[in-house]
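Close look at the chain arrangement
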Amino acid sequence: LYVRTDSILYGIITAYIFIYHRDQLHKIIQRVPTSVSNLISLTLLGLLCFVLMNDPVWFFNQSHTVWQTSTYWVILIQRNIFALIIALIILLADSPKGIIMKSLITVLKSILLRPMGRLSYSTYMMHPFVMIFGFMLYFSTHQNVTPESYFQYGLYLIVITYMVSI
């Protein structure tokens, strides 16, 4: 949990703004020109894609030589950047201005995404329990843990998490 403290804090700050300063947020967003709003939205979505595409887990077959560096990138920087971008997108999407944010909201409101959203939320709620008990079992039965075996077991636990969540 210590690794995700900053990300959780960004969510708490976003919720605080929604609860106590929503009207002021709407006024600020309405004063921003549409072209600037589109530029900000494109920048945030581009950064989101950049952060996701540079995830070392996607390049695991190459990450054996850079395991430590990529792990530090994920722990120290990538999760925080991702959480900040999502928080800003949520704040901008509350009072959409510009074609990009309106299009994003239209896609996210799609009825086709609702089952996936429910599964994602259920998985989010089950994830800590499956991972904690799974890794406790793993570390109690394995003496020598390599990054590859740790990663492979983590993938198994993710699949189990989704199966339990259904």
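Whatever comes next refers back to the structure up there.
One structure accompanies this document, and this report is about it. On a predicted model such as this, the values are computed, not experimentally measured, just so you know. (Residues numbered from 1 in each chain as written. Predicted model: local features only at pLDDT ≥ 70, side-chain atom pairs only at ≥ 80, totals over all residues. Heavy atoms only, no water.)

Let us look at the overall build of the protein. Along its length, the protein carries 7 helices and 0 strands. Traced from its N-terminal end to its C-terminal end, the protein shows the element sequence α-α-α-α-α-α-α. Within the protein, the proportion of its 166 residues that are buried is 27%. Taking the contacts inside the protein whose residues are at least 6 apart along the sequence as the reference set, 69% of them involve residues at least 24 apart. Accessible area of the protein: about 11,800 Å², with a carbon and sulfur share of 72%. (Helix = DSSP H or I, 4+ residues; strand = E, 2+ residues; numbered from the N terminus. Buried < 20%, exposed > 50% of the residue type's maximum accessible area, 1.4 Å probe, protein only. Contact = heavy atoms within 4.5 Å. Areas by Shrake-Rupley, 256 points an atom, 1.4 Å probe, with all protein chains shown as cover.)

On the surface, Ile8, Leu9, Ile12 and Ile13 cluster together into a nonpolar patch covering about 350 Å² of accessible area. Structurally, Leu9 can be placed in helix H1 (residues 5-20). Look at Leu9 and you get partly exposed, because its relative accessible area is 42%. (Patch = residues over 30% accessible without salt bridge, like charges linked within 9 Å, V, L, I, M, F, W, Y side chains within 5 Å. Salt bridge = Lys/Arg side-chain N within 4 Å of Asp/Glu carboxyl O.)

Turning our eyes to something else, we now look at the side chain of Thr14. With respect to the element layout, Thr14 can be found in helix H1. Accessibility expressed as a relative area gives 8% for Thr14, which makes it buried.

Turning our attention to the packing of helix H6 (residues 114-141) against helix H7 (residues 147-165). In the contact formed by H6 and H7, the axes pass within 8 Å of each other and the chain directions differ by 135°. Compared by their axis directions, H6 and H7 come out oblique. In this structure, the crossing between H6 and H7 has a hand that is right-handed. Residues Leu119, Ser122, Thr123, Met126, His127, Val130, Met131, Gly134, Phe135, Leu137, Tyr138 and Phe139 of H6 pack against Ser149, Tyr150, Tyr153, Gly154, Leu157, Ile158, Ile160, Thr161, Tyr162, Val164 and Ser165 of H7. Looking at the contact of H6 with H7 residue by residue, the classes come out as 15 nonpolar, 8 polar and no charged. (Axes fitted to C-alpha atoms, helices over the stretch in contact; angles between N-to-C directions. Parallel < 35°, antiparallel > 145°, perpendicular 65-115°, else oblique. Left-handed = near helix turned anticlockwise from the far one by under 90°. Nonpolar A, V, L, I, M, F, W, Y, C, P; charged D, E, K, R; others polar.)

Here we take up the environment of Phe135. Structurally, Phe135 is set in helix H6. As for Phe135 and Tyr153, which are separated by 18 residues in sequence, their C-alpha atoms are 8.3 Å apart.

Right, let's get into H7. The periodicity of an α-helix, 3.6 residues per turn, causes residues three or four places apart in sequence to face the same way. For H7, spanning 19 residues, the distance from its first C-alpha to its last is 27 Å, which sits close to the expected 27 Å at 1.5 Å a residue. Listed in full, the buried residues belonging to H7 are Phe151, Tyr153, Gly154, Leu157, Thr161 and Ser165. All buried residues of H7 project into a common sector of 165° when viewed along the axis, lining one side. (Expected span 1.5 Å × (residues − 1). Arc of directions from axis to C-beta.)

So, on to the pattern of salt bridges. Tallying each qualifying case throughout the model produces 1 salt bridge. Asp94 serves as the salt-bridge partner of Arg22, at 2.5 Å between the closest nitrogen and oxygen. Residue Arg22 is located in helix H2 (residues 22-31), and its partner Asp94 is located in helix H4 (residues 67-94); the two are separated by 72 residues in the primary sequence. A relative accessible area of 38% means that Arg22 is categorised as partly exposed.

Moving on: the nonpolar core. If you look at the biggest cluster of nonpolar residues, it comprises 12 residues: Leu25, Ile29, Leu44, Leu48, Val51, Ile85, Ile89, Leu91, Leu92, Met101, Leu104 and Ile105. At the level of secondary structure, the elements contributing two or more residues to this core comprise H2, helix H3 (34-53), H4 and helix H5 (99-108). Sorting elements by how many residues they give to this core places H4 first, with 4 residues. Leaving out residues up to four positions away in the same chain, Ile89 has contacts with Leu44, Leu45, Leu48, Met101 and Leu104. Judged by nonpolar contacts, the second largest core, of 6 residues, contains Val130, Phe135, Tyr138 and Leu157. (Core = buried A, V, L, I, M, F, W, Y, C linked by side-chain atoms within 4.5 Å.)

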